[in-house]
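# Chain and residue survey
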Amino acid sequence: MTVQILTVTEDEGEQRLDKWLRRRFPHLTQGAVEKLCRTGQIRVDKGRVKAADRVSPGQMVRVPPLPPAEAPADPRPRGISAADAKMIQAAVLYKDEHLIVLNKPAGLPSQGGSGQGERHVDGLAEALKFGYKDKPKLVHRLDKDTSGVLMLARTDRVARALSEALRHRAARKIYWAVVAGVPHPRQGSIKFALEKAPGRGRGGEGEKMLCVHPAKMADHPEAKRAHTDYFTLWFLGTRLSWMALEPVTGRTHQLRAHMAEIGHPILGDGKYGGSETENLGDGWGAGTGGDLSRKLHLHARSLTIEHPILKTPMTFTAPLPEHMARTWKLLDWKETDVPADPFEAIR
């Protein structure tokens, strides 16, 4: 290997030299970087530098011949099966040196917790390092049975930026769902507050959210305001509707509880009435039987957010999970027949 002259790119921004080097050469240890700087073998714009010095876009970094990276004895992350590593890597929609975006499979928890077991996205993130030293960090969550767009950050800085964007509603999330009946009106807002009801299981496994009318908030000090916009994209008579849902706030089980509260539970939602034969809406129940899957039909379809480093708007779109794709095929619903963002025209 020969001497390399590398340019700090615009998207790498201002960062410490040691971090910049170790992202480029993950097999380098911190001690090796400091020694190479101390002996003058690594230089920036031909000048001597310290490992803690910062580099800027456009600067030229001299890197001496480096020893090749040693192949790990076992390329599979510890504690993760080959099948799980392949599965979570196949779920990647987008990745760069700052963030990773997944299409989370239905049935896979985002994190461990009561009744969730040891197999979850946070645990499987060891298989998403792709040569970087640290595993990526979750910045938000999806319910276990909800599929779709899920973001992870490679660094604490990016995690903070993405979390701030989500907290201050600088990100737009659109979900697709199938619900019982046809909402009336066919587009609108749901603003019931949500209050947590304790679960019946030993670890609170039966926990669910109760809706509280805004006028009764004073009687429910634990309730938190919640706001969901909805848009009916397509419907099957009076029985089922294909919905676009936008959570303006981000409460636990918000979409599921809100749709059930207006009498249109989400298909396959056993917790909020979507698996029963009757409901309060004008449909025939979300437990439709026949050839429709009994799995939850709720999918985080798209997320639009400003890239935390590049500062450009990006939209990530997740294909439907298998059980929902089968429903779409059975009902002859086509993704191309509806707008990607039905809420845009009414804003």
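Structural data are supplied above this passage.
All figures in this text were calculated on a predicted structure; none of them were measured in a lab.

Right, let's talk about the overall build of the protein for a bit. Check the secondary structure of the protein and you find seven helices and 18 strands. Working note: accessible area of the protein is about 18,400 Å², and carbon and sulfur atoms make up 50% of it.

This next bit is on the packing of aromatic side chains. All chains considered together, the criterion is met by seven aromatic pairs. Their ring planes at 15° and their centres at 6.2 Å tell us that Trp176 and Trp328 sit as a pair that is stacked. Linking Trp176 in strand β11 (residues 172-180) with Trp328 in helix α7 (residues 322-330), this pair joins segments that are 152 residues apart in sequence. The pair Trp176 / Trp328 is uniform in exposure class, with both members buried. Ring plane angle 80° and centroid distance 6.3 Å describe the contact between Phe231 and Phe343, whose orientation is recorded as edge-to-face. With Phe231 in strand β15 (residues 228-236) and Phe343 in the segment after α7, this pair connects stretches of sequence that are 112 residues apart. Considered together, Phe231 and Phe343 belong to a single accessibility category, that of buried residues. Members of the aromatic cluster, connected to one another through ring pairs, are Trp176, Trp242, Trp328 and Trp333. Taking NZ or CZ as reference, Arg154 lies 4.2 Å from the ring centre of Tyr132, over its face.

Attention now moves to the side chain of Lys104. Structurally, Lys104 can be placed in strand β8 (residues 99-104). For the buried residue Lys104, which engages in no salt bridge, the nearest side chain bearing the opposite charge is Asp145, 6.9 Å off. A polar atom in the side chain of Lys104 sits 2.9 Å from the backbone oxygen of Thr146.

This part is about the side chain of Thr228. With respect to the secondary-structure elements, Thr228 resides in strand β15. There is a polar contact of 2.8 Å between the side chain of Thr228 and the side chain of Gln254. The residues contacting Thr228, other than those within four sequence positions of it, are Gly188, Ser189, Ile190, Glu246, Gln254, Leu255 and His258.

Of all hydrophobic cores here, the largest spans 29 residues; its most connected members are Leu102, Leu245 and Leu298. Contributing elements (two or more residues each) for this core: α3 (82-90), β8, α4 (121-124), β10 (147-153), β11, β16 (240-247), α6 (254-261) and β17 (298-306). Those residues within four positions of Leu298 in sequence are excluded, and the remaining contacts are Asp145, Thr146, Ser147, Tyr175, Trp176, Ala177, Leu245, Leu255, Arg256, Ile266 and Met324. Listed in part, the 18 residues of the second largest apolar core include Leu28, Leu36, Ala51 and Leu66.

Another aspect to go through is the sheet that holds strand β1 (residues 4-7). If you walk across this open sheet you meet the four strands as β1-β6-β3-β4, and the pairing is antiparallel. Looking at the sheet topology across the chains shown, the edges are occupied by β1 and β4 (47-48). Pairing geometry for strand β3 (residues 43-44) and strand β6 (residues 60-63), over two bridges, is antiparallel. In the sheet register, Val44 faces β6, and the bridge partner there is Val61. Against the sheet, helix α1 (residues 17-24) makes contact with β1, β3 and β6, and its axis sits at roughly 110° relative to β1, the strand it touches most.

The peptide bond linking His184 to Pro185 adopts the cis configuration, its omega dihedral lying at 0°. Inspection of the secondary structure assignment puts Pro185 in the loop between β11 and β12 (187-190). Positive phi, close to 50°, is recorded for Asp45, a residue that is not glycine. By the secondary structure assignment, Asp45 is in the loop between β3 and β4. One non-glycine residue with positive phi stands out, namely His253, at about 55°. As for its placement among the helices and strands, His253 is situated in the loop between β16 and α6.

Next up on the list: a positive patch on the surface. A contiguous patch of positive charge, built from Lys19, Arg54, Arg157, Arg160 and Lys311, is present on the exposed surface. Residue placement: Lys311 occurs in the loop between β17 and β18 (313-317).

Conventions and cut-offs
Per chain, residues are indexed from 1 in the order of the written sequence. With the structure being a predicted model, the display of local features is reserved for residues of pLDDT at least 70 and the display and counting of side-chain atom pairs for 80 or more, all residues being used for whole-chain, interface and lining totals. Only hydrogens and water are set aside; all other atoms, that is, all heavy atoms of the structure, feed into the side-chain values. Only DSSP runs of H or I reaching four residues or more are called helices, and only runs of E reaching two or more are called strands; each is numbered from the N terminus. Here, Shrake-Rupley sampling with a 1.4 Å probe gives the accessible areas, and only protein chains in the shown set may cover a residue. Aromatic rings from Phe, Tyr and Trp, taking only the six-membered ring of Trp, are treated as a pair when their centres fall within 6.5 Å; an angle between ring planes under 30 degrees marks them as stacked, one over 60 as edge-to-face, and anything in between as tilted. Burial classification: accessible surface area is computed with a 1.4 Å probe over protein chains only, and a residue below 20% of its type maximum counts as buried, one above 50% as exposed, and the rest as partly exposed. Counted as over-ring charges are cases with an Arg CZ or a Lys NZ within 6 Å of the ring centre that also lie within 35 degrees of the ring normal. Lys and Arg are tallied as positive, Asp and Glu as negative. Neither His nor the chain termini are counted. Whenever Lys or Arg places a side-chain nitrogen within 4 Å of a carboxyl oxygen from Asp or Glu, that contact is recorded as a salt bridge. Whenever two N or O atoms come within 3.5 Å, that pair is a polar contact, provided that in protein one can donate a hydrogen and the other can accept it, and provided that, for residues adjacent in sequence, both atoms are side-chain atoms. Residue contacts follow a heavy-atom distance rule, with two residues in contact if any of their heavy atoms lie within 4.5 Å. Buried Ala, Val, Leu, Ile, Met, Phe, Trp, Tyr and Cys residues form a nonpolar core when they are joined through side-chain atoms within 4.5 Å. Between any two strands, pairing holds if DSSP finds at least two bridges. For helices, the fitted axis covers only the stretch in contact; all axes are lines through C-alpha atoms, and the angles between them, taken along N-to-C directions, range from 0 to 180 degrees. The patches reported here contain residues having more than 30% relative accessible area and no salt bridge. Joining distances are 9 Å for like charges and 5 Å for nonpolar side chains (Val, Leu, Ile, Met, Phe, Trp, Tyr). A charged residue contributes its charge at one atom only: NZ of Lys, CZ of Arg, CG of Asp or CD of Glu.

Keep in mind these values describe shape, not function.
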